[in-house]
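A look at the structure
Given next are the chains, with one letter for each unit.
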Amino acid sequence: MNISYNWLKEYLPFDMQPDEVAAALTSTGLETGSVDEVQPVRGGLEGLVIGEVLTCTAHPNSDHLHLTTVDAGSGEPLRIVCGAPNVAAGQKVIVATVGTTLYSDGEKFTIKRSKIRGEESFGMICAEDEIGLGTDHSGIIVLPAEAKTGMPAREYYGIESDYVLEVDITPNRVDATSHYGVARDLAAWLTQAGRPAVLRRPSADAFRIDSPAPAVTVEVANREACLRYSGLTVRGVTVKESPAWLKNRLQTIGLRPINNVVDITNFILHELGQPLHAFDAARIRGGRVVVRTMPEGTKFVTLDGVERTLTGEDLMICSAEEPMCIAGVFGGLDSGVTEQTTDVFLESACFHPAWVRRTARRFGLNTDASFRFERGLDPNQTVYVLKRAALLVKELAGGEITGDVQDFYPEEVKPYPVDITYRKIHTLVGKEIPAETVKRILASLEMEIVSETAEGLSLRVPVYRMDVRREVDVIEEILRIYGYNHVEVDEHLRSTLSYRMPADHSYRLENLISEQLCGAGFHEIINNSQTRLAYYDGLTTYPAANAVQLLNPLSADLNAMRRTLLFGGLQSIAYNINHKNRNLRFFEFGNCYTFHAEKQTQEEPLSGYREEYRLGLWMCGRRVENSWAHANEDASVYELKACVQHILTRLGVDWRKISENVISDDVYASGLQLKTASGRLPGTLGIVDRKLLKRMDIGEEVCYAELSWNTLMEEIRNARVVFSEIARYPEVKRDLALLLDRDVLFRSVEKIAFESERKLLKRVELFDVYEGAHLPPDKKSYAVSFYLQDGSRTLTDPQIDRIMQKIQAALEQKLNARLR
């Protein structure tokens, strides 16, 4: 936000330089990024003086030029050739002496001693467009006779340089989004620094109703969205160009002047932080303003000429017949003030922040007004600001204030009561601040001390400080004015040696698995934990009823907390596929949220909510593509299963003790539910159901796994991952071709094999599956390799045979397997 140095001094006289002001504001939390000099007229009229034309004769070598002598107050008159048709002896004019730099039409040029048609010229008599005071080039500027010869033009026109301070406003400091608000903080800083500080609030005491004639009335139909609405009618105004002082104020902070009435509303917005809106009263049909919502689908054309479609949640300022303005966001095309306007209705209101924020986001609008309304404004100042605006309108546009002030304010907002203790202040600040200093700072921040004890204070915090409602908030305010730099650092460091907590262990393993996945060709993604509730409509695996819904969502696409990582990843996949990137490996760590109303109690309202940290993996496209050494190969769910196996193994989970249950639901077309030996359910994996993929506009097969990181951390709490030396003795491989029932899984074969030989059997691998001709219709063939190894000696053939016979017998008994 831009703050004018000169404008700031109107509310708080001080003798600090701009850089000193910037440093003081930064120390109070209003970080000032830059300080730039601004000149209302480019060049600041440097080198221009008032001169008197002593003589004026025709140029001997030209039919339109004149030879003049001009007294510029420097002693000897200057000889100047002038081509203006209106130059004459006896005039007071603006003279640019030799060496003066002028700016015209964006170009820069310097006045030099020169010869024009054979006659020497030692300066230039200026027109208004040549020095940046206007656009007229029909003749030179002729000043009143009383203008003092030799006076600098800068002094005559009252031109002074200003400085613009770029202040970064944090979201909680809406009270500082104005010059008066910044002056209020600076006054508190000056008071604490022991320097004089007299804050001058603009007065509205001169406000009077000029005529009791009927005026525009106000009706508020939506009381939830409109906390307070104040309005006033001014009749008989003259809409015209603003005076120079007002235009300079706005231009200095980067605003474009429009007309006197609109400029007043912008001026007060940046003076006091309260947005105003001026309506042409003649266009308020029925002479009545109604604050309400419009039917879904209503069309409305805003001030920028764009037709927008309203929803039932967009608060509108309407006449008796039609909408005129999007409340707190943007005006309408046909209801604003123009040069033909004679009667004005001024609006000063306080709208609910959530309503304004949702509407602004929905239409992609970010205005000075919405910026402030979204953060919450003080409803107690709307009438005062309205009166201030009405007085300025009368001063600059004339007219009469007609009828009573219209003011809807059903529930007055009172100052916030807060109790603080000196002990708490000392504990949090780390230094004992004297009680008198604390009270002085609180008074400078306009926090009223209601009562006082030896232990602490009872306060009333002003309503405009929306962010100060707790004891710690008040202490933070005290500290920022007292000065963070005034809290000394002790020479002795007192600390406790840290030890590793479960969260540290979890974070270390998270990084370890992330590196493992990146090494396997995966890319990490990070999605918003807020998602669209509609994704869960109709799902039984993740019912929408168990989603955590937001009370004030930014949009319909972000109206709930995610229940699973799945949909965020599918969005990323769809985006990449649309950008011709089809071979994808993604992973994401993130929280998922669930709500169970039946678990919620009045004593513990949060007991129905659950947050769980999870790991999601997505895989689609081809595993190998365009390789000279390998044919194209699609990614498969078996590759994803191998990734999950590697993750669990690396964490210390014995994969051989994991059981698998086949699942098929509205998330997986075909999938597995994993279960540990302790009965925990660490996650699922499988092929995503095509109906879900179609909803996400994905036409390719996607494999997905979701693991509960919290469950895995519980499972491996006492697990240790250790290395072992490479065995000195060779391993032995034996293959079996097994005829099995079609519904038997390889996992069952592997499990029975390890149960049969726990010591010497190291691994079991499936290298071929056959179903078809020469086999019964309900059978399939597995070709399985069994790897045996003894770490202390070489296995003998009789040993190997005994082990293989034992494994074969177990398979025959438990799975009805037969050798082919």
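For the structure itself, consult the block above.
Described in the following lines is the structure provided in the data block. (Residues numbered from 1 in each chain as written. Predicted model: local features only at pLDDT ≥ 70, side-chain atom pairs only at ≥ 80, totals over all residues. Heavy atoms only, no water.)

Some thoughts on the sheet that holds strand S27 (residues 456–461)
- The three strands lie next to each other as S25-S27-S26, forming an open sheet whose pairing is antiparallel. Because the sheet does not close on itself, it has two edges, and the strands there are strand S25 (416–421) and strand S26 (448–452). Adjacent strand axes in the sheet meet at a mean angle of 25° when their direction is disregarded.
- The pairing of S25 with S27 spans six bridges and is antiparallel. The residue of S27 that forms the bridge with tyrosine 416 is valine 461.
- Across the sheet, helix H10 (residues 422–429) touches S25, S26 and S27, and the angle it forms with S25 is around 75°.
- Against the sheet, helix H12 (residues 471–482) contacts S25 and S27, and its axis sits at roughly 70° relative to S25. (Pairing = 2+ DSSP bridges. Helix = DSSP H or I, 4+ residues; strand = E, 2+ residues; numbered from the N terminus. Axes fitted to C-alpha atoms, helices over the stretch in contact; angles between N-to-C directions. Contact = heavy atoms within 4.5 Å.)

Quick notes on the environment of leucine 365
- Along the chain, leucine 365 falls in the loop between helix H7 (353–363) and helix H8 (368–373).
- By relative accessible area, which is 11% here, leucine 365 ends up buried.
- A C-alpha to C-alpha distance of 8.0 Å links leucine 365 and phenylalanine 330, two positions 35 residues apart in sequence.
- When neighbours within four sequence positions are excluded, leucine 365 is seen to be in contact with Arg308, Val329, Phe330, Ala360 and Ser370. (Buried < 20%, exposed > 50% of the residue type's maximum accessible area, 1.4 Å probe, protein only.)

A word on the pattern of salt bridges
- Tallying each qualifying case throughout the model produces 57 salt bridges.
- In this structure, the salt-bridge partner of glutamate 241 is lysine 247, at a minimum N-O distance of 2.2 Å.
- On the accessibility criterion, glutamate 241 (56% relative accessible area) is exposed.
- In this structure, glutamate 715 and arginine 680 form a salt bridge, with 2.9 Å as the shortest nitrogen-oxygen distance. On the criterion of sequence distance, the pair formed by glutamate 715 in helix H17 (residues 709–715) and arginine 680 in the loop between strand S36 (668–675) and strand S37 (683–688) is long-range, its members being 35 residues apart.
- Its relative accessible area of 23% is what places glutamate 715 among the partly exposed residues. (Salt bridge = Lys/Arg side-chain N within 4 Å of Asp/Glu carboxyl O.)

Considering the environment of isoleucine 159
- Structurally, isoleucine 159 is set in the loop between helix H3 (153–156) and strand S13 (162–167).
- With a relative accessible area of 12%, isoleucine 159 lands in the buried category.
- The contact partners of isoleucine 159, leaving out residues within four places of it in the chain, are Pro40, Val41, Gly44, Leu45 and Arg154.

Observations regarding the pairing of strand S31 (residues 584–595)
- Counting buried residues in S31 gives eleven out of twelve residues, a clear majority hidden from the surface.
- Summarising the sheet, strand S28 (residues 523–524) and S31 pair through two bridges and their orientation is parallel. Across the sheet, histidine 523 pairs through a bridge with phenylalanine 586, a residue of S31.
- In terms of strand pairing, S31 meets strand S32 (residues 609–620) through twelve bridges, oriented antiparallel. Counted as the bridge partner of cysteine 592 is glutamate 612 from S32.

Looking at empty space enclosed by the protein
- A full pass over the atoms with the stated rule returns two cavities of 30 Å³ or more.
- Here the largest cavity is characterised by a volume of approximately 50 Å³.
- Partitioned by chemical class, the residues of the lining of the largest cavity number three nonpolar, no polar and six charged.
- Each pocket or cavity is described by its volume, and for the second largest cavity that value is around 40 Å³.
- What lines the second largest cavity is Leu315, Ile326, Ala327, Phe351, Trp355, Val356 and Thr359.
- Classifying every residue of the lining of the second largest cavity by side-chain character gives six nonpolar, one polar and no charged. (1 Å grid on protein atoms, 1.4 Å probe; cavity = no way out; pocket = protein on both sides within 12 Å on 5 of 7 lines; lining within 4 Å. Points joined across faces, edges and corners; volume = space filled by probe spheres on them. Nonpolar A, V, L, I, M, F, W, Y, C, P; charged D, E, K, R; others polar.)

Describing the nonpolar core
- One finds Phe14, Val21, Leu186 and Ile268 to be the most contacted residues of the largest nonpolar core, which totals 54 residues.
- For this core, the element with the highest residue contribution is helix H9 (residues 382–397), accounting for ten residues.
- When near neighbours in sequence (up to four residues on either side) are disregarded, leucine 186 contacts Leu8, Leu12, Phe14, Val21, Ala24 and Leu25.
- By size, the runner-up hydrophobic cluster in this structure holds 36 residues, among which are Val291, Met294, Ile326 and Phe345. (Core = buried A, V, L, I, M, F, W, Y, C linked by side-chain atoms within 4.5 Å.)

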